[in-house]
Amino acid sequence: MENNNRKLKIKTALVSVYHKDGLDDIVKKLDKEGVAFISTGGTQQFIESLGVHCQAVESLTGYPSILGGRVKTLHPKVFGGILARRGNSGDDAQIKEYDIPEIDLVIVDLYPFGETVASGAGEDEIIEKIDIGGISLIRAAAKNYNDVVIVASQNQYVPFMNLLNEQGATTTLEDRRWFAKEAFAVSSGYDSAIFNYFDGGEGSAFRAAVDGSQVMRYGENPHQQGVFHGDFDALFEKLNGKEISYNNLLDIDSAVTLIDEFDELTFAILKHNNACGIASRKTVLEAWNDALAGDPVSAFGGILVTNTVIDRAVAEEIHKIFFEVIIAPDYEEDALEILKQKKNRIILRRKNHTQNPDKQYRSLLNGILVQDRDTSIQTAADLEVMTQSQPTEAEITDLLFANKLVKHSKSNAITLVKNRQLCAGGVGQTSRVDALKQAIEKANSFDFDLKGAVMASDAFFPFPDCVEIAGKAGIRAVIQPGGSVNDQLSVDYCDAHGMSMVKTGIRHFKH
């Protein structure tokens, strides 16, 4: 059984880093603790600029840095000193025979491969940013965590400095194993980035690495565990409220993805990832009032999101109902004072426009399902009129509005819209007819007049029953992907009853 308290003194450190910010305090502290340094190139110069003696790797190995710096630390006298098992008679004999110094600490920060790819650099520059020596040092030191501590990235400078301040240049086995774990996270993520670059989106294998994690209170239900891997704080500033839950994150993602479809001032209310109310208006107060009117019952415990600043007037109205989360680009100070009166209410300020990954992932069966994110947005220019009747300019505005909503609703989905306001949606139904009936019944229950409203469907109509039901309810214009062998039957009904229908050619299933 391992003794996690087995302490080892750091006597010699090998340092080879790209990013040197934050390294100076570590070097000075180690120097005070009597630790000797080995380094090369720019890192050696940096250490010496601090007034600290540093042995050149070249003097240890007897070889200069060669091949334009591609080979510097790849030598038995370096890796032998890292991988030698202390107390192993065979290893002890060999490092003595070949005069190999033991290395107790390795500090590495790899060439920025991912950042170089993201910058749009040419292939030659990208290839040169594939770190060879550094990644080898990380793996060697992490493998021999029993005797060596590895600091594998700039992100580990702070925890390592904290360790030095607390216990000096001494580490326990538990410390070393933790840093080894972090090191393998760095190396695996680095290799994943390189593979994905060479794969070029072909999907020949699935490799993904996400830094950062947050343990949730629980998963979708209290008996399930949940963890979020990512950097939530890079996107949002949490101004108030309880710990964010698994279900909160799902709703937050749905909320910002939906609101980002709209350029005009818009307010939306979501429940279980679907919009239950949304409106675009000239003022945020008008947008809130009309979004709430869409379904004041479902708004209870919902997620609120807008693309404009929350002012005092709207905060006073919002404060009257119970909701879980509110998301906005900013808040006026007096609005925040009102909203913060509920200590558990989660208030989020968006730091920047959320950049969702180009791919979506879902674990199922014994593998991972990967697809392109649905980023298709239809405009008036994309609409093909299928009927004799042409939609009016106002109807086209509502049709595009409804189409955005149905894109972000669980299938089968129907949305009914009038004057850039959601009257009702039918979502998650096994039948498109049921989705429409649900929407009509819901709109009627909240006293919406559907005469002159428009309808959007996430997929084509296999039969004319939906347009017939919609027409009888007062719907005057329809938007759908088209593509059914029975499209003409729906068109014929619309022509016979003075309805207009447009098709987009793009289906928006969401499961």
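For the structure itself, look to the data block above.
Attention in this report is confined to the structure presented alongside it. (Residues numbered from 1 in each chain as written. Predicted model: local features only at pLDDT ≥ 70, side-chain atom pairs only at ≥ 80, totals over all residues. Heavy atoms only, no water.)

**Some thoughts on the sheet that holds strand β23 (residues 500-503)**
Defined as follows: Paired strands, in this sense, are two strands between which DSSP finds at least two bridges. Labels follow the DSSP assignment, with helices taken as runs of H or I lasting at least four residues and strands as runs of E lasting at least two, numbered in each case from the N terminus. Contacts between residues were defined by any pair of non-hydrogen atoms, one from each residue, lying within 4.5 Å. Note on definitions: angles span 0 to 180 degrees between N-to-C directions of axes, and those axes are lines fitted to C-alpha atoms, for helices only across the stretch in contact.
The six strands lie next to each other as β18-β23-β22-β21-β19-β20, forming an open sheet whose pairing is mixed. Two strands lie at the open edges of the sheet, namely β18 (384-385) and β20 (422-426), each paired on one side alone. Where strand β19 (residues 414-417) lies against strand β21 (residues 454-457), four bridges are found, and the strand directions are antiparallel. Paired with V417 across the two strands is V454, which belongs to β21. The strands touched by helix α15 (residues 393-407) are β19, β20, β21, β22 (477-480) and β23; relative to β21, the strand with the most contacts, the crossing angle is about 35°. Relative to the sheet, helix α16 (residues 432-445) contacts β19, β20 and β21, its axis offset from that of β20 by approximately 145°.

**Focus: the nonpolar core**
Quick reminder of the rule: Residues belong to one nonpolar core when they are buried, are Ala, Val, Leu, Ile, Met, Phe, Trp, Tyr or Cys, and are joined through side-chain atoms within 4.5 Å. For the exposure calls, accessible area comes from a 1.4 Å probe over protein chains only, and a residue counts as buried if that area is under 20% of its type's maximum, exposed if over 50%, partly exposed in between.
Of all hydrophobic cores here, the largest spans 36 residues; its most connected members are I252, L258, I278, I327, L348 and L405. Excluding its chain neighbours within four sequence positions, the residues that come into contact with I252 are F232, F236, I244, V325, I327 and L348. Counting 30 residues, the second-largest nonpolar core is a separate cluster that includes I82, A121, I126 and Y145.

**Concerning the sheet that holds strand β4 (residues 55-56)**
Pairing is parallel across the open sheet formed by five strands, whose spatial order is β4-β3-β2-β5-β6. This sheet does not close on itself; its edge strands, each paired only once, are β4 and β6 (149-151). Across five bridges, strand β2 (residues 12-17) lies against strand β5 (residues 105-109) in parallel orientation. Counterpart to V15 in the pairing with β5 is I107. Along the sheet face, helix α1 (residues 23-32) touches β2, β3 (36-39) and β5 and points at about 170° away from the line of β5.

**Digging into helix α5 (residues 89-97)**
Going by this rule: Under the rule applied, a polar contact is a pair of N or O atoms within 3.5 Å (in protein, one hydrogen donor and one hydrogen acceptor; residues adjacent in sequence only if both atoms are side-chain atoms).
Capping the start of α5 is the job of one residue whose side-chain oxygen sits 3.0 Å from the backbone nitrogen of G90: N88. In the stretch just after α5, D99 is the one whose phi turns positive, near 55°.

**Examining the pairing of strand β14 (residues 323-328)**
Definition in use: By the criterion used throughout, a crossover qualifies as right-handed when its path from the first strand across the helix to the second strand runs clockwise, the strands pointing away from the viewer.
Taken across its six residues, β14 has six buried, putting it largely inside the fold. Here strand β13 (residues 302-306) pairs with β14 via four bridges, running parallel. When the bridges of β14 are listed, G302 appears paired with F323. The parallel pair β13 and β14 is bridged by helix α13 (residues 312-318), and the resulting crossover is right-handed. As judged from the four bridges shared by β14 and strand β15 (residues 346-350), these two strands associate in the parallel manner. Looking across to β15, one finds that I326 is bridged to I347. Handedness of the β-α-β unit built from β14, helix α14 (residues 333-339) and β15 comes out right-handed.

**Here we look at a nonpolar patch on the surface**
The condition that has to hold: Residues forming no salt bridge and having over 30% relative accessible area are the ones grouped into patches, like charges within 9 Å of each other and nonpolar side chains (Val, Leu, Ile, Met, Phe, Trp, Tyr) within 5 Å. In these tables, accessible area is a Shrake-Rupley quantity obtained with a 1.4 Å probe, and a residue counts as shielded only by the protein chains included in the view. Any carboxyl oxygen of Asp or Glu that lies within 4 Å of a side-chain nitrogen of Lys or Arg is treated as forming a salt bridge with it.
On the surface, F206, Y361, I368 and V370 cluster together into a nonpolar patch covering about 360 Å² of accessible area. Looking at where Y361 falls in the secondary structure, it is placed in strand β16 (residues 359-364).

**A short note on the environment of G483**
Relative to the helices and strands, G483 is located in the loop between β22 and α18 (487-496). The sequence separation of G483 and K503 amounts to 20 residues, and the corresponding C-alpha distance is 8.8 Å.

**Considerations on the side chain of S245**
With respect to the helices and strands, S245 occurs in the loop between β10 (236-240) and α11 (246-259). In this structure, S245 is in contact with M216 and R217, ignoring residues within four places of it in sequence.

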